[in-house]
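The chain contents come next:
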Amino acid sequence: MWLPLLVVLGLIFLYRWHRQSQILEDLSDKYVFITGCDTGFGNLLAKQLDSQGINVLAACLTEKGAQNLEKEASSRLQTVILDVTDSQSVNSAAKWASTIIKEKGLWGLVNNAGIGIPGGPNEWLSKDDFLKVINVNLLGAVDVTLHFLPLIRKARGRIVNVSSVAGRISICGGGYCISKYGIECFSDSLRRTSAESLRSSRPAIL
């Protein structure tokens, strides 16, 4: 009677020990750049990582979003205005981050910025409606990644592309599902680049 219970308790202990062993203890010298921090997941992630001692570089689309985030975070968190659909804005943000990070490199890049509308049945939409979503969700993430890759490689950092179940199953018309399918493909291509980098002993992107 007691043996199954002890086995279950032992498995729970091993699971918790394994989870705890995966948590990095010293995060004070790590830098993470997050897009789309005005509201939603990006905003929550920025505050969570900040509370754990990570140096967060939070990109917001609006001044109001940046100011509100700064009020809710520590002085360690820094914000920058970024429009991921504007390559000049992306380039400026990359240069800004580089002056802060310097030789440390970027430990994490989170491509979170995204929109879901315009959306609806395809025949209700125009080409521009598709492009508006794709430019933010897909091409914006690609542009940000390409600009930040040198900083990622310095720290052998990680790239997180925020996707969706809509990247596996088309649940609606418009550009949203297309963009998320594209993000899945882009992420796969980054993983292949990482594998090639590891084989050639160059810094990896995982």
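Structure first, text after, so check above.
Residues numbered from 1 in each chain as written. Predicted model: local features only at pLDDT ≥ 70, side-chain atom pairs only at ≥ 80, totals over all residues. Heavy atoms only, no water.

Enquirer: Before we go on, may I ask you to explain the packing of aromatic side chains in this structure?
Expert: Here the distance between the centres and the angle between the planes together describe a pair of aromatic rings. Taken as a whole and assessed by the stated rule, the structure comprises one aromatic pair. Pairing Phe-33 with Phe-148 gives two aromatic rings, centres 4.4 Å apart and planes at 35°, and the pair type is tilted. Of this pair, Phe-33 sits in strand 1 (residues 31–34) while Phe-148 sits in helix 5 (residues 127–154); the two residues are 115 residues apart in sequence, bridging distant segments of the chain. Using a relative accessible area of 0% as the deciding quantity, one classes Phe-148 as buried. One cation-aromatic arrangement involves Lys-30 over Trp-107; the distance from NZ or CZ to the ring centre is 5.8 Å. (Phe/Tyr/Trp six-rings, centres within 6.5 Å; stacked < 30°, edge-to-face > 60°. Helix = DSSP H or I, 4+ residues; strand = E, 2+ residues; numbered from the N terminus. Buried < 20%, exposed > 50% of the residue type's maximum accessible area, 1.4 Å probe, protein only. Lys NZ or Arg CZ within 6 Å of the ring centre and 35° of its normal.)

Enquirer: Could you clarify how one ought to interpret the nonpolar core in this entry?
Expert: Within soluble globular proteins, side chains that are nonpolar tend to cluster in buried spots. Ranked by internal contacts, the top residues of the largest apolar core, which has 25 residues, are Phe-33, Leu-106, Leu-109 and Phe-148. Elements with a contribution of two residues or more to this core: strand 1, strand 2 (55–60), helix 4 (87–101), helix 5 and helix 6 (175–199). Excluding residues within four positions of it along the chain, Phe-148 makes contact with Phe-33, Ala-93, Ala-94, Ala-97, Leu-106 and Leu-109. Counting 14 residues, the second largest nonpolar core, distinct from the first, contains Cys-37, Leu-49, Ile-54 and Val-56. (Core = buried A, V, L, I, M, F, W, Y, C linked by side-chain atoms within 4.5 Å. Contact = heavy atoms within 4.5 Å.)

Spatial relationships are all this shows, so hold off on functional conclusions.
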